[in-house]
Each structure stands twice: as structure tokens, then as C-alpha cells.
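So the chains spell out like this:
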Amino acid sequence: MNIRNALAIALGAALLSACSTTDPQPPGGGRHLADGPRGQFECADRNSNDYIDRAELVYLHQCGVGEDLRCGPVPANVEAQAPRADFEGGRRMLDVIDADGDQRISKLEFRAHCTSQQAR
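In this report, the structure presented in the accompanying data block is examined. (Residues numbered from 1 in each chain as written. Predicted model: local features only at pLDDT ≥ 70, side-chain atom pairs only at ≥ 80, totals over all residues. Heavy atoms only, no water.)

## Remarks on the nonpolar core
Core analysis: the largest hydrophobic core is formed by 19 residues, its most contacted members being Ile 52, Leu 60, Met 93, Ile 105 and Phe 110. Excluding anything up to four places from it in sequence, Phe 110 contacts Pro 37, Gln 40, Phe 41, Ile 52, Leu 60, Val 65, Cys 71, Met 93, Ile 97 and Ile 105. (Core = buried A, V, L, I, M, F, W, Y, C linked by side-chain atoms within 4.5 Å. Buried < 20%, exposed > 50% of the residue type's maximum accessible area, 1.4 Å probe, protein only. Contact = heavy atoms within 4.5 Å.)

Here it is in C-alpha cells:
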């Protein structure tokens with residue numbers, strides 16, 4: 001193999017590794033997250049479709065929703081991947097605040113839940 005082929009292979013491998021993205025989308029889609037419930041919603045809504053879908057429920061605890069389902073501040077160090085153990089807490093959150101029964105949490109449903117929790 002000559003030097004030209006070796007360089008072409010090395011360059012191709014470097015470009016391929018630089019372009020591959022297998023990591024999940026970072027919290028908030030790489031944007032700065034707001035404080036409070038709005039930031040928590042953006043943190044958990046990893047695909048930015050304005051709903052927390054069933055697959056995103058695992059991120060609720062990681063994004064600051066407590067074990068008692070209370071809304072709070074978004075933690076400073078949110079990981080891109082959520083542990084599987086957090087799914088049960090997210091499932092409880094879905095059961096509590098999914099007002100229309102569509103198996104996902106809208107911004108409006110999330111805000112209503114957080115507002116009702118603050119009133120207590």
C-alpha cells in the first residue's frame with residue numbers, strides 16, 4: 001500500500017468518526033434552559049416536539065421533578081442519558097397529569113400540574 005492510499009484511508013476514518021452521532025440529543029436540544037417548570041419541560045422534551053412522550057418519561061426525575069412529583073429547578077448537571085430506573089417515576093407523573101389521556105404530557109398539562117403543586 002502506498003502513502004497516498006494510507007492517507008486516504010486515515011482521512012476517511014477521521015471524517016467518519018467526526019460525523020457519527022450516536023449520542024442522544026442533549027438536554028434542551030443544546031439551547032439554554034429556562035428556570036423552573038418551563039426549563040424542566042424543555043429538558044425532558046428531548047425531541048423538541050412540545051410533548052413529553054412515553055420514551056422521554058425517564059428524563060423527568062433527572063430534569064428536577066422530585067419523587068413527590070413536585071416541580072423544581074433544573075439541576076445544573078443533567079446527563080444526556082437517563083437511567084432506566086427513572087421510568088417508574090415518569091410513569092407516575094404521566095398517570096397524574098395526562099389530563100386528556102393521550103399518553104404524553106403537553107406543555108399546558110405540565111404547567112397546570114406545576115402550578116397546582118406550588119399552590120399547596
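## A look at the state of the cysteines
Within this structure, the stated rule accounts for 2 disulfides. Between Cys 43 and Cys 63 runs a disulfide, and the two sulfur atoms are separated by 2.0 Å. Sign of the S-S torsion, about -70° for the bond between Cys 43 and Cys 63, identifies this disulfide as left-handed. You can see Cys 43 sitting in helix α2 (residues 36-44) and its partner Cys 63 sitting in the loop between α3 (59-62) and α4 (87-97), a full 20 residues away along the chain. The class for Cys 63 is buried, based on a relative accessible area of 0%. (Disulfide = S-S within 2.5 Å. Helix = DSSP H or I, 4+ residues; strand = E, 2+ residues; numbered from the N terminus.)

## A word on unusual backbone geometry
For Asp 50, which is not glycine, the phi torsion reads 70° and is therefore positive. With a phi close to 65°, Leu 69 is a non-glycine residue in the positive phi region.

## Overview of the pattern of salt bridges
With the rule as written, the count across this model stands at 5 salt bridges. Lys 107 is paired through a salt bridge with Asp 50; the nearest N and O atoms lie 3.3 Å apart. With Lys 107 in helix α5 (residues 107-119) and Asp 50 in the loop between α2 and β1 (51-52), this residue pair connects regions lying 57 residues apart in the sequence. Residue class for Lys 107 comes out partly exposed when judged on its relative accessible area of 44%. (Salt bridge = Lys/Arg side-chain N within 4 Å of Asp/Glu carboxyl O.)

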